[in-house]
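Coordinates in review
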Amino acid sequence: MKPVCPFVKAARPDETTSKPVCPFVKAARPDETNSKKPGENLCKYQQETESKTKKDTGDSATVPPKCPFGYDSETFKLGPFSCIICQALLFESSKCVPCSHVYCKACILRFKDCPICGADIEKIEADSKLQDMVDRFIEGHARIKRSHSNIDKEEEVGEKKQVIYADVSLERGAFLVQHAMRAFRAKNVESAKSRLNLCAEDIREQLERMGNTSDLCSQLGAVLGMLGDCCRALGEASSAVTYFEESVEFLSKLPMDDLEITHTLSVSLNKIGDLKYYDGELQAARCYYFRSLNVRRDAIKHHSDVSSQILDVAVSLAKVADVDRSLGNEDVAVDGFREAVKLLESLELKSEDTGLGQRRLSVLEFLKSQLAEKQPDTTQ
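Scope of this entry: the structure provided in the associated data block.

Calculation notes
Residues numbered from 1 in each chain as written. Predicted model: local features only at pLDDT ≥ 70, side-chain atom pairs only at ≥ 80, totals over all residues. Heavy atoms only, no water. Salt bridge = Lys/Arg side-chain N within 4 Å of Asp/Glu carboxyl O. Helix = DSSP H or I, 4+ residues; strand = E, 2+ residues; numbered from the N terminus. Buried < 20%, exposed > 50% of the residue type's maximum accessible area, 1.4 Å probe, protein only. Expected span 1.5 Å × (residues − 1). Arc of directions from axis to C-beta. Pairing = 2+ DSSP bridges. Contact = heavy atoms within 4.5 Å. Core = buried A, V, L, I, M, F, W, Y, C linked by side-chain atoms within 4.5 Å. Polar contact = N/O pair within 3.5 Å; in protein donor to acceptor, adjacent residues only side chain to side chain. Axes fitted to C-alpha atoms, helices over the stretch in contact; angles between N-to-C directions. Parallel < 35°, antiparallel > 145°, perpendicular 65-115°, else oblique. Left-handed = near helix turned anticlockwise from the far one by under 90°. Nonpolar A, V, L, I, M, F, W, Y, C, P; charged D, E, K, R; others polar. Phe/Tyr/Trp six-rings, centres within 6.5 Å; stacked < 30°, edge-to-face > 60°. Lys NZ or Arg CZ within 6 Å of the ring centre and 35° of its normal.

Points about the pattern of salt bridges
Under the definition given, this model contains 13 salt bridges. Between Lys-193 and Glu-236 there is a salt bridge, and its shortest N-O distance comes to 3.2 Å. One end of the pair, Lys-193, is in helix α6 (residues 189-210); the other, Glu-236, is in the loop between α7 (214-233) and α8 (237-251), and 43 residues separate them in sequence. On the basis of relative accessibility, which here comes to 15%, the residue Lys-193 falls in the buried class. For Arg-325, the salt bridge is made with Glu-330, and the minimal N-O distance between the two is 2.9 Å.

Regarding helix α13 (residues 356-372)
With 17 residues, α13 should reach 24 Å at 1.5 Å per residue; the first-to-last C-alpha distance of 24 Å fits that figure. Leu-356, Arg-359, Arg-360, Val-363, Leu-364, Phe-366, Leu-367 and Gln-370 are the residues of α13 that are buried. Relative to the axis of α13, the buried residues are bounded by an arc of 160° and lie together on one face. Structural note: α13 exposes Gln-358, Glu-365 and Ala-372 on the side pointing more than 90 degrees away from its buried face.

What about unusual backbone geometry?
In the segment running from Val-97 into Pro-98, the intervening peptide bond is cis, with an omega of 15°. One can find Pro-98 in the loop between β1 (93-97) and β2 (102-104). Phi at Glu-92 takes a positive value of approximately 55°, unusual for a residue other than glycine. Positionally, Glu-92 belongs in the loop between α2 (40-57) and β1. By relative accessible area, Glu-92 is classed as partly exposed at 42%. Unlike most non-glycine residues, Lys-187 shows phi in positive territory, near 65°. Structurally, Lys-187 can be placed in the loop between α5 (170-185) and α6. Judged by its relative accessible area of 66%, Lys-187 falls in the exposed class.

Notes on the pairing of β1
Taken across its 5 residues, β1 has 4 buried, putting it largely inside the fold. As defined by bridge partners, β1 adjoins strand β3 (residues 123-126) across 4 bridges and the pair is classed as antiparallel. Following the sheet pairing, Ser-94 is matched in β3 by Ala-126.

Brief notes about α8
End to end, α8 covers 21 Å across 15 residues, agreeing with the expected 21 Å (1.5 Å per residue, within 8%). Among the residues of α8, Ala-240, Val-241, Tyr-243, Phe-244, Ser-247, Val-248, Phe-250 and Leu-251 are the ones counted as buried. Contacts from the buried residues of α8 go to α6, α7, α9 (259-278) and α10 (282-302).

Section: the nonpolar core
If you look at soluble globular proteins, the nonpolar side chains tend to sit buried side by side. Ranked by internal contacts, the top residues of the largest apolar core, which has 57 residues, are Leu-196 and Val-223. Residues within four places of Leu-196 in sequence aside, it is in contact with Val-177, Ala-180, Val-223, Met-226, Leu-227 and Cys-230.

A few points about the environment of Ser-94
You can see Ser-94 is positioned in strand β1. When the C-alpha atoms of Ser-94 and Ile-108 are compared, they prove to be 7.8 Å apart, with 14 residues separating the residues in sequence. Leaving out residues up to four positions away in the same chain, Ser-94 has contacts with His-101, Val-102, Tyr-103, Lys-105, Ile-108, Ile-124, Glu-125, Ala-126 and Asp-127. Engagement of the side chain of Ser-94 in a polar contact is seen with the backbone oxygen of Glu-92, the distance being 3.0 Å.

With respect to the packing of α6 against α7
Contact pair α6 / α7: the axes reach a minimum separation of 9 Å and the direction vectors enclose 155°. One way to sum up the angle between α6 and α7 is to call them roughly antiparallel. Note on packing geometry: the crossing formed by α6 with α7 is left-handed. Between α6 and α7, the residues in contact are Val-189, Ala-192, Lys-193, Leu-196, Asn-197, Cys-199, Ala-200, Ile-203, Arg-204, Gln-206, Leu-207 and Met-210 and Leu-216, Cys-217, Gln-219, Leu-220, Val-223, Leu-224, Met-226, Leu-227, Cys-230, Cys-231 and Ala-233, respectively. For the contact of α6 with α7, the per-class residue count stands at 18 nonpolar, 3 polar and 2 charged.

A closer look at the packing of aromatic side chains
Taken as a whole, this structure holds 2 aromatic pairs when the rule is applied. Look at Phe-81 and Phe-137: their rings are 5.4 Å apart centre to centre, the planes differ by 55°, and that puts the pair in the tilted class. Note that Phe-81 is positioned in the loop between α2 and β1 and Phe-137 in helix α4 (residues 128-140), a separation of 56 residues in sequence. Looking at Phe-137, the relative accessible area reads 11%, which means it is buried. Geometrically, the ring pair formed by Phe-137 and Phe-175 is edge-to-face, given 6.2 Å between the ring centres and 85° between the ring planes. Pair noted here: Phe-137 is in helix α4 and Phe-175 is in helix α5, with a separation of 38 residues, a long-range link. Phe-175 shares its class with Phe-137; the two are buried. When the ring centre of Phe-250 is taken as origin, the NZ or CZ atom of Lys-253, which lies over that ring, is 4.5 Å away.

Things to note about the sheet that holds β2
Sheets are built from strands that pair by backbone hydrogen bonding, the pairs being arranged parallel or antiparallel. Strand order in the open sheet made by the 3 strands is β2-β1-β3, with antiparallel pairing throughout. What marks the edges here is a single partner per strand, and that holds for β2 and β3. Going from strand to strand, the sheet's axes swing by 40° on average, the running direction of each strand aside.

This is the structure:
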């Protein structure tokens, strides 16, 4: 009988149910005080990027790209290229007949009446012309900077204007991830996967030009982890493992003094462990769980006062112990559960640790139930 891990089945606050964090806008962990306004990090990066571009090109008249439709990564926008159901950019645009309102194909297939006008949907037709426009818009979004240095010069007939293609900006990455998150939350997973693939391609291009910088590796590691989530949601377990493993590869190149990086790395390792566990590969699952545990233990050596890190260690201990029990190593499993209980019982939450109290209680309850259900020794 295939083993069932309560911790695999249960939704993890840090791995499945939490609001996705955009890797391009570094958000504070639950135990950090975040006094910054939303988008402040993004604005700062954009100002630095614009300043650097002007310095490198020597063209003080080069201006940053401006979306004519008002889409950007900092504000919520529903525009002419948006699906009102998933609130992301249209993917596989489909038109309702007879009312002609357009949505993502995956979104509108759930309805019998048009969500906008209420008309009966007689059939759904692909709107390839509109989708081509959306795809061209995405391809060019936040990519182009035009030189205005000759703006006063009279244009000659047939003269070609110089177009400067700037490095793919943080704005573009945040924009793509934002729409992927919206689509994923609305269960339009193929749309989310498509946007994330574009984002990953952009970052890979930059890696080829600039090398393995910390920022690019952390961004790609996070995006690959999101692609793994998409594949897992689609039931593509082998593809999910491939993405998670690649995410681990890039994140492992980075210094482990950044809590967000260590958290993302450990979560990716746990997700591979979960998939191996479901597949009945218990030894492989334990290997990944144990690697995640070591990453988290190393993190609390340097950040012993961060409550969320201690909770993460307790969760990893529970995962390893659960596999040990399934493998028949009962004494080792009990030791793991007891170590996790001891960690959580000694944990004193701070006033700013909002949201961690309930998670601590649920994990502690699970651990104590596992100790209460200690399996009998079958060797006697």
